[in-house]
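Inside the fold
Each chain, letter by letter, is given below.
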Amino acid sequence: MEMSLSAGATVHRITRPGGRIAYDLYGAGHTDGTLVVCVPGMFDHRASFRFVGEALARAGHRVAVMDLRGHGDSDATFDDHTGRAAATDALALAEELGGRDVVLAGNSLGGTAAAIAALERPDLVAGIALLAPFLRQPSPGPATRIAQRLMLLRPWGPRMLVRFYDSLNKGRRPQGHREHLDRIHAMLRPADRYRAVLATVEALGEEVRSAEGLRAETVVVVGEQDPDWKDPVAEAAWAASVVGGRVVAVPECGHYPQSQRPDLVVPVLEELIARVRTNA
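These numbers come from a predicted model, not from an experiment. Per chain, residues are indexed from 1 in the order of the written sequence. At least 70 in pLDDT is required for a residue's local features to be given in this predicted model, at least 80 for side-chain atom pairs to be given and counted, and no such filter applies to totals for whole chains, interfaces and linings, which use all residues. The side-chain quantities take in all heavy atoms of the structure and omit both hydrogens and water.

**Some details on the overall build of the protein**
In terms of regular secondary structure, the protein is built from 10 helices and nine strands. This radius of gyration counts C-alpha atoms alone. The globule rule is 2.2 Å times how many residues there are, raised to the power 0.38. The C-alpha radius of gyration computed for the protein amounts to 17 Å, which stays within 12% of the reference 19 Å derived for 280 residues, consistent with globular compactness. Based on the C-alpha atoms only, the size of the protein along its principal axes is roughly 50 × 45 × 35 Å. Each residue is assigned to one of three classes by its accessible area relative to the maximum for its type, calculated with a 1.4 Å probe on protein chains only: buried under 20%, partly exposed between the two thresholds, exposed over 50%. In the protein, which comprises 280 residues, the share counted as buried stands at 55%. Throughout, a residue-residue contact means that at least one pair of heavy atoms, one from each residue, lies within 4.5 Å. Considering only residue pairs separated by 6 or more positions, the protein has 76% of its internal contacts joining residues 24 or more positions apart. Accessible surface, the protein as shown: approximately 11900 Å² in total, 51% of it carbon and sulfur. Asp and Glu count as negative and Lys and Arg as positive, but His and the ends of the chain are not part of the count. Taken as the charge centre is NZ of Lys, CZ of Arg, CG of Asp or CD of Glu, depending on the residue. Positive and negative side-chain charges in the protein, numbering 32 and 34 respectively, have mean positions lying 4 Å apart. In DSSP terms, a helix is any run of H or I states spanning at least four residues, a strand is any run of E spanning at least two, and both are numbered starting from the N terminus. Methods summary: accessible areas were calculated by the Shrake-Rupley approach with a probe of 1.4 Å, and residue burial reflects only the protein chains presented.

**Some remarks on the layout of surface pockets**
A 1.4 Å probe that fits but cannot get out identifies a cavity on a 1 Å grid over protein atoms alone, an open set with protein on both sides within 12 Å along at least five of seven lines counts as a pocket, and a residue lines either if it has an atom within 4 Å of a point. Grid points are joined across faces, edges and corners, and a volume is the space filled by probe spheres set on the points. One number sums up the size of the largest pocket: a volume of about 1200 Å³. Residue contributions to the lining of the largest pocket peak at five residues, all from helix 4 (residues 142-151). Following the grouping adopted for this structure description, the nonpolar residues are Ala, Val, Leu, Ile, Met, Phe, Trp, Tyr, Cys and Pro, the charged ones are Asp, Glu, Lys and Arg, and the polar ones are all others, Gly among them. Partitioned by chemical class, the residues of the lining of the largest pocket number 16 nonpolar, 13 polar and seven charged. The wall of the second largest pocket is formed by 13 residues, among which T31, G33, T34, R100 and D101 lie closest to the centre. Class assignment for the residues of the lining of the second largest pocket results in three nonpolar, five polar and five charged.

This is how it looks when you write it as structure tokens:
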């Protein structure tokens, strides 16, 4: 274990092919509880799940909150930054911690990773919470793609990404939001780490349009004000139809339900965990 300079907490690491994945572990002594592995989205830090980790640990569960490759305190040495790569990291972390009937909670790209992981390992993953997931990818036009590339160029790119992240927090601002923005900006400043984050942004997104063989209990959570979709509740309903889950629409919330409305998201996760334990 080492001290994390960016999160201000003890950080653990798991070695993977190509580098190490950083994670926080809440409720480490709760070996009788359910193991929950949380996966954030691109250009985000694992601390976005801080409220979820603390609350579920108080309820007696273990919660491992990981960084994506090249994000937070994970190494910037990987050459694969896809959602499928994140899925393999989440599964490896669950196995490293000795999990059985594990619950995965993923936000945005992390939601894609959680769905892929559940499909790949139905023997290990018993529940998934998809928070504003991208199970299908948008198709921006050429002008939009060019504008995005220009926006992300250094030296202004890191600051522009932070502003964009801030804009996705429609509705309630999370407690400690300014500190979290500073954390993300600090993460994006080193050139090697920024390259890894850009590789994640530019990676070809894998779609999940069929969930044949999925055994996991599933819930799809979406902020009613999520600016990533014209109709976020309709998008969540489509995603739920794919994975066979129910939809929870969260008011006063944008793209980050886990940090913007933990008061509503934690009970949803506790209900999911209860269903998993009942069916185990």
